[in-house]
Amino acid sequence: MGVINYNSANLKDKSDAKIQDYIMTSIHELLHVLGVSASAFPKYIDTEGNIRKGHIVEFKSASGAVGNGLSTPKLLEYARTFYDCDSWDSIPLENDGGQGSLGSHLERAFFLNEVMTGSAIKDKVVSGFTWKMLEDSGWYGAVDEYLYEPFSVGKGSGCAWR
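Here, residues in each chain are numbered from 1, in the same order as that chain's written sequence. At least 70 in pLDDT is required for a residue's local features to be given in this predicted model, at least 80 for side-chain atom pairs to be given and counted, and no such filter applies to totals for whole chains, interfaces and linings, which use all residues. To get the side-chain values, all heavy atoms of the structure are used, and hydrogens and water are removed first.

Asker: What is the right way to look at the nonpolar core in this model?
Answerer: Proteins that are soluble and globular tend to have nonpolar side chains buried together. Only buried Ala, Val, Leu, Ile, Met, Phe, Trp, Tyr and Cys residues count toward a nonpolar core, and they belong to the same one when joined by side-chain atoms within 4.5 Å. The buried label applies to any residue whose accessible area, calculated with a 1.4 Å probe on protein chains only, is under 20% of its type's maximum; exposed applies above 50%, and partly exposed to all values in between. If you look at the biggest cluster of nonpolar residues, it comprises 32 residues, and the most contacted ones within it are Tyr83, Trp88, Ile91, Phe111, Phe129 and Met133. Secondary structure elements with two or more residues in this core: α1 (16-34), α2 (73-83), α3 (108-111) and α4 (128-136). Counting from the N terminus, the helices are the DSSP runs of H or I reaching at least four residues and the strands are the DSSP runs of E reaching at least two. Sort the elements by how many residues they give to this core and α2 lands first, with 6 residues. Note on contacts: a residue pair qualifies if any of its non-hydrogen atoms lie within 4.5 Å across the two residues. Apart from residues lying up to four places away in sequence, Ile91 is in contact with Phe59, Asn68, Gly69, Leu70, Leu75, Ala79, Leu106, Phe111 and Phe129.

Asker: Hey, could you run me through the packing of aromatic side chains in this one?
Answerer: Two aromatic rings, taken as a pair, are described by how far apart their centres are and by the angle between their planes. Aromatic pairs are defined between Phe, Tyr and Trp rings, using the six-membered ring for Trp, whenever the two ring centres lie within 6.5 Å; interplanar angles under 30 degrees are classed as stacked, those over 60 as edge-to-face, and all others as tilted. Within this structure, the stated rule accounts for 17 aromatic pairs. A ring pair is formed by Phe129 and Phe151, whose centres lie 6.2 Å apart and whose planes are at 80°; its orientation type is edge-to-face. Placement of Phe129 in helix α4 and of Phe151 in the segment after α4 is noted, with a sequence separation of 22 residues between them. According to the relative accessible area criterion, Phe129 is buried, its value standing at 0%. Under the relative-accessibility criterion, Phe151 is labelled buried at 10%. Summarising the aromatic geometry, the rings of Trp139 and Tyr140 are spaced 6.4 Å apart at their centres and angled 75° between planes, so their arrangement reads as edge-to-face. Residue classification places Trp139 among the partly exposed positions, given a relative accessible area of 35%. On the accessibility criterion, Tyr140 (37% relative accessible area) is partly exposed.

Asker: Is there a simple way to explain the packing of α2 against α4 in this structure?
Answerer: For any two helices packed against each other, the geometry is given by the interaxial angle and the distance between the axes. Axes here mean lines fitted to C-alpha atoms, for a helix over just the part in contact, with angles spanning 0 to 180 degrees between N-to-C directions. Between α2 and α4, whose axes approach to 7 Å, the crossing angle comes to 160°. Judged by the angle between their axes, α2 and α4 are roughly antiparallel. Facing α2, whose interface residues are Pro73, Lys74, Leu75, Tyr78, Ala79, Phe82 and Tyr83, α4 presents Gly128, Phe129, Lys132, Met133, Glu135 and Asp136. Three categories are distinguished: nonpolar for Ala, Val, Leu, Ile, Met, Phe, Trp, Tyr, Cys and Pro, charged for Asp, Glu, Lys and Arg, and polar for the others, with Gly belonging to the last. Its residues assigned to classes, the contact of α2 with α4 shows 8 nonpolar, 1 polar and 4 charged. In what follows, roughly perpendicular refers to angles from 65 to 115 degrees, roughly parallel to angles under 35, roughly antiparallel to angles over 145, and oblique to any angle outside these ranges.

Asker: In this structure, what is going on with a nonpolar patch on the surface? I would like to understand it.
Answerer: Exposure above 30% relative accessible area and the lack of any salt bridge qualify a residue for a patch; like charges then connect within 9 Å, and the nonpolar side chains Val, Leu, Ile, Met, Phe, Trp and Tyr within 5 Å. Every accessible area reported is derived by Shrake-Rupley at a probe size of 1.4 Å, with residue values counting cover from the shown protein chains alone. Between Lys or Arg on one side and Asp or Glu on the other, a salt bridge is scored when a side-chain nitrogen of the former is within 4 Å of a carboxyl oxygen of the latter. Together, Ile19, Ile23 and Ile27 line one region of the surface with nonpolar side chains, adding up to about 210 Å² of accessible area. Since its relative accessible area comes to 31%, Ile27 is described here as partly exposed.

Okay, here's the thing in structure tokens:
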């Protein structure tokens, strides 16, 4: 369970760009409530209704950076197709920042403008990666791909993207 509080004193800028920013920030925070967070990942369930085991793993990039990764079936299937790499074994989670960012966001270096990265950037999108995390939580059904917003960072780059 979660709550999103809006402070109306901070919502005074009504420009189109700022309204879009408010909307994307709200979507980001709602996605945390729905299950994209370090506190929710250990509670993901499998297709039998059992708590998943072994899906929070160490991720090591080709550059040697180390952090946590998420390794769930549909998320990995999506990543392997997206990156064109059959050996992709986990999705990197944010390895920098404080308690509110660390492990609760997609790693910025890999997911630049994806809505579930942990810092402000223009033109955020809700990609298939976020939808697959929610689907693999075991709490929701499949999401129609038409909801995946266009996302191309690293697409088709092969295993070297890691």
